[in-house]
Amino acid sequence: MKRRHRSARAASCAAAAFLSQPGIACAHAFGQRYDLPAPLGYFVFGAAAAVALSFVVAAVFVRRAPREAPENQIVIGLGPLFPALRTLLSPLSLVLFCTAVAAGFIGNRNPEMNLAPILVWIVWWVGLSFLVACVGNIWPALDPWRAAFEGMDALVRRWGNRKGIELGWPYPERLGMWPAVALLLLFVWIEVVYPRAAVPSHLAWFALAWSAVTLTGMVCFGAETWRRNADVFAIYFGTLAKFAPLDIGPNRRSVVLRPPGRGLIAGEAVSYGMVGFVIAMLSTVMFDGLLGTQAMTIAHAALADWTMLHPLAGGYVLGTAGILGVWLVFLAAYLLACAATARLVRDRSTGAIARLFVLTLVPIAIAYLIAHYLHYLLVQGQLIIPLLSDPLGRRWDLFGTASYYPDIGLLDARFVWNLSLASIVAGHVISIWLAHRLALREFGARGMAVKASAPLTVLMVIYTVVSLLIIADPLVQYGVASESR
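Within each chain, residues carry numbers counting from 1 in the order of the written sequence. Local features in this predicted model are restricted to residues of pLDDT 70 or higher, and side-chain atom pairs are both shown and tallied only at a pLDDT of 80 or more, whereas totals for entire chains, interfaces and linings draw on every residue. Computation of side-chain values: all heavy atoms of the structure, hydrogens and water removed.

1. Here we look at the overall build of the protein chain
And then number 1: A tally of regular secondary structure across the protein chain gives 18 helices and five strands.
And then number 2: Scored against the burial criterion, the 485 residues of the protein chain give a buried share of 51%.
And then number 3: Only heavy atoms matter for contacts: two residues are in contact if any of them lie within 4.5 Å across the pair. Intrachain contacts of the protein chain at a sequence separation of at least 6 include 80% that bridge at least 24 residues.
And then number 4: Of the roughly 21,600 Å² of accessible surface on the protein chain, a fraction of 67% belongs to carbon and sulfur atoms. Numbering goes from the N terminus for both helices and strands, where a helix is a DSSP run of H or I of at least four residues and a strand is a run of E of at least two. Three labels apply to residues, based on accessible area from a 1.4 Å probe with only protein chains included: buried if under 20% of the type maximum, exposed if over 50%, partly exposed otherwise in between. Using a 1.4 Å probe, accessible areas were evaluated by the Shrake-Rupley method; residue-level cover was limited to the displayed protein chains.

2. Here we look at helix H18 (residues 446-472)
And then number 1: Multiplying one less than the number of residues by 1.5 Å gives the expected span of a helix. The first and last C-alpha atoms of H18 sit 37 Å apart over 27 residues, in line with the 39 Å expected at 1.5 Å per residue.
And then number 2: Fitting axes to the seven residues ending at a residue and to the seven starting there, one defines the bend at that residue as the angle between these axes. Of all the bends in H18, the largest measures some 35 degrees and sits at Ala454, one to four residues before the proline Pro455.

3. Some remarks on the pattern of salt bridges
And then number 1: Think of a salt bridge as a Lys or Arg side-chain nitrogen and an Asp or Glu carboxyl oxygen that are within 4 Å of each other. Evaluated as defined, the whole model comprises five salt bridges.
And then number 2: Arg157 is the partner of Asp153 in a salt bridge, and the nearest nitrogen-oxygen pair spans 2.7 Å. Of this pair, Asp153 and Arg157 both sit in helix H6 (residues 144-158), four residues apart, which is roughly one turn of the helix.
And then number 3: Taking relative accessible area as the criterion, Asp153 reaches 11% and is therefore assigned buried.

4. Structural notes on the nonpolar core
Nonpolar side chains tend to gather and get buried jointly when the protein is soluble and globular.
And then number 1: Formed by 124 residues in total, the largest nonpolar core has its most connected members in Phe233, Phe277, Tyr334 and Phe357.
And then number 2: When residues in this core are grouped by element, the largest group, 14 residues, is from helix H4 (residues 115-134).
And then number 3: Setting aside residues up to four positions removed in sequence, Phe233 forms contacts with Trp124, Trp125, Trp139, Trp145, Phe187, Trp210 and Gly238.
And then number 4: Throughout, nonpolar core names a set of buried Ala, Val, Leu, Ile, Met, Phe, Trp, Tyr and Cys residues whose side chains join them through atoms within 4.5 Å. Phe149, Val156, Ala223 and Trp226 belong to the second largest nonpolar core, which has eight residues in total.

5. As for unusual backbone geometry
And then number 1: The phi torsion at Arg346 lies on the positive side, around 70 degrees, for a residue other than glycine.
And then number 2: Residue Arg346 is classed as exposed on the basis of its relative accessible area of 73%.

6. Observations concerning the packing of helix H10 (residues 232-241) against helix H11 (residues 272-290)
And then number 1: Between H10 and H11, the shortest axis-to-axis distance is 11 Å and the interhelical angle comes to 75 degrees. As far as their axial angle goes, H11 and H10 are roughly perpendicular. Residue-level contacts link Val232, Ile235, Tyr236, Thr239 and Leu240 of H10 to Met274, Phe277, Val278 and Met281 of H11.
And then number 2: Basically, the charged four are Asp, Glu, Lys and Arg, the nonpolar ten are Ala, Val, Leu, Ile, Met, Phe, Trp, Tyr, Cys and Pro, and anything else, Gly included, counts as polar. Taken together, the residues of the contact of H10 with H11 sort by class into eight nonpolar, one polar and no charged. To get an axis, a line is fitted to the C-alpha atoms, and for a helix only the part in contact is used. The angle between two axes follows their N-to-C directions and goes from 0 to 180 degrees. Orientation labels follow simple angle bins: below 35 degrees gives roughly parallel, above 145 gives roughly antiparallel, 65 to 115 gives roughly perpendicular, and whatever is left gives oblique.

7. Brief notes about a nonpolar patch on the surface
And then number 1: Surface patches are drawn from residues lacking salt bridges whose relative accessible area is over 30%; two like charges belong together within 9 Å, two nonpolar side chains (Val, Leu, Ile, Met, Phe, Trp, Tyr) within 5 Å. A cluster of nonpolar side chains, Ile74, Ile76, Leu131, Val135, Ile138, Leu246 and Leu257, forms an exposed patch at the surface whose accessible area comes to about 500 Å².
And then number 2: With respect to the element layout, Ile76 can be found in strand S2 (residues 74-77).
And then number 3: Overall, Ile76 belongs to the partly exposed group, its relative accessible area being 36%.

8. Notes on the side chain of Ser423
And then number 1: Tracing the sequence through the fold places Ser423 in helix H17 (residues 413-443).
And then number 2: There is a polar contact of 3.0 Å between the side chain of Ser423 and the backbone oxygen of Ser420.
And then number 3: For Ser423, the residues in contact, after removing those within four places along its chain, are Ala367, Ile370 and Ala371. As used in this structure description, the phrase polar contact means that two N or O atoms lie within 3.5 Å; if the pair is within protein, one of them must be able to donate a hydrogen and the other to accept it, and residues adjacent in sequence are counted only when both atoms belong to side chains.

9. A word on the environment of Val362
And then number 1: Note that Val362 resides in helix H15 (residues 362-380).
And then number 2: Here the alpha-carbon distance between Val362 and Lys242, two residues 120 residues apart in the chain, equals 8.6 Å.
And then number 3: Apart from the residues lying within four places of it in its own chain, the contact partners of Val362 are Thr239, Leu240, Leu264 and Val278.

10. Concerning the sheet that holds S2
And then number 1: When DSSP finds two or more bridges between a pair of strands, those strands are recorded as paired. With respect to topology, three strands assemble into an open sheet ordered S2-S4-S3, the strand pairing being antiparallel. Every interior strand has two partners, whereas the edge strands, S2 and strand S3 (246-248), have only one. Neighbour to neighbour, the strand axes of the sheet diverge by 30 degrees on average, direction disregarded.
And then number 2: Relative to strand S4 (residues 254-257), S3 runs antiparallel, the two being bridged by three bridges. Following the sheet pairing, Asp247 is matched in S4 by Val256.

11. Section: the environment of Leu257
And then number 1: Structurally, Leu257 can be placed in strand S4.
And then number 2: Given a relative accessible area of 34%, Leu257 falls into the partly exposed group.
And then number 3: Between the alpha carbons of Leu257 and Val75 there is a distance of 6.2 Å; along the sequence they are 182 residues apart.

12. A closer look at the packing of aromatic side chains
And then number 1: For this analysis, a ring pair means two rings from Phe, Tyr or Trp (six-membered ring only for Trp) whose centres lie within 6.5 Å, classed as stacked if their planes differ by under 30 degrees, edge-to-face if by over 60, and tilted for the remaining angles. As enumerated under the stated definition, the model contains 27 aromatic pairs in all.
And then number 2: With centroids separated by 5.5 Å and ring planes inclined at 85 degrees, the aromatic side chains of Tyr171 and Phe221 adopt a geometry described as edge-to-face. Of this pair, Tyr171 sits in the loop between H6 and helix H7 (178-192) while Phe221 sits in helix H8 (residues 200-221), placing them 50 residues apart in sequence.
And then number 3: Note on Tyr171: relative accessible area 11%, which makes it buried.
And then number 4: Given a relative accessible area of 21%, Phe221 falls into the partly exposed group.
And then number 5: A centroid spacing of 5.5 Å and a plane angle of 90 degrees characterise the contact between Tyr194 and Phe206, whose relative ring orientation is edge-to-face. Of the two residues, Tyr194 sits in the loop between H7 and H8 while Phe206 sits in helix H8, which places them twelve residues apart along the sequence.
And then number 6: On the accessibility criterion, Phe206 (28% relative accessible area) is partly exposed.
And then number 7: Three or more aromatic residues joined by ring pairs form one cluster here, namely Phe97, Trp121, Trp124, Trp125, Trp139, Trp145, Phe187, Trp210, Phe233, Tyr236 and Phe237.

Laid out in structure tokens, this is it:
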């Protein structure tokens, strides 16, 4: 189950297979296109103007830096509830993980009738991302690798080894968080480029290999050190959760209620590795959408003609180059904006500006997730209901839901376009708002704060235009204005 097939299949990806039966389809596959009531350029210009106008509004009306915690947050005590939930959810996560792996190896080979692809690519990767960003970070309680490591460590300590299973090797400081960046790009490559990522057995082998790498890293360098620097999922969900309104209190027995996005501007400047990681969060989703456009189809055909490569090899080449290329372009564009800011404020370097403002881009990453994948979760995510009763595709009915048929008409292309448009604009507006407030905190004077956030605003306007053009390609008819369907 993957959100977008590899580029070799971008031209032939059709929604008919999904519309005829519960199945795996591309993220934007609806079997229909929406006729815009006005030319696409009007929508793109309007969205870009709205984003630019939000900067003007923030510059005029936002005059105070964000308050420091705990003045602007509410602490709600939960007593022993958190430890109890952790005790319950940790073994449950291991059970689900083992069930998915078992389904991959011994379940039905058809991805449409196997729990593993649905659970991994829809419920976990897409659904949990939305939950973490909109509510709070529950991943530490659901992390099966954390649960497995802690279980093994506790067992070794009970056998008499007080040091547990950690070897305590020093982590190379020069590496920082760059291993997590590389692993995120690799994970997305598996998801959108590798043509058999939806094959249950392949998915099971990937899960075991990922487990070996993660557990080895925890044993060698220590669990906390590994999670902080190289555990891509801990860092990914933790970064999304900084936008969420709920956070775990310092005593682990309370939750903190805060304004959405407050966690993104509450801390100090992050590392250079985190800069690369946040840019990867943006670029990989954008690349996933880019795979479904006509431009990518043409590029793949041209590559095949020019190099005489087999379509499969051409897909690997174009997909790998695309993931790295889009990430590098996004990174270069962000650093260019930061360089412009550094010239305007004069007392900070380009690197310092990049490390300071990069978390304000996270709302854009969340907006891209909503625009690209919320409809995917709501429509194809329904497949989890029958598969919970028949995880191996053996015609079981454990919970009485095996006969459930997904409502494939739940959403249409018109709704998806309006949702995408609204989320993209909202995400960029929130980022501009946060960047301006952060600039007020760091630079004090309102005039200096406006200068500091102006180059980022230009970058966000460009992001808005590019993202809408990519999303529009498979969804809308934009040659002439017509009545909507």
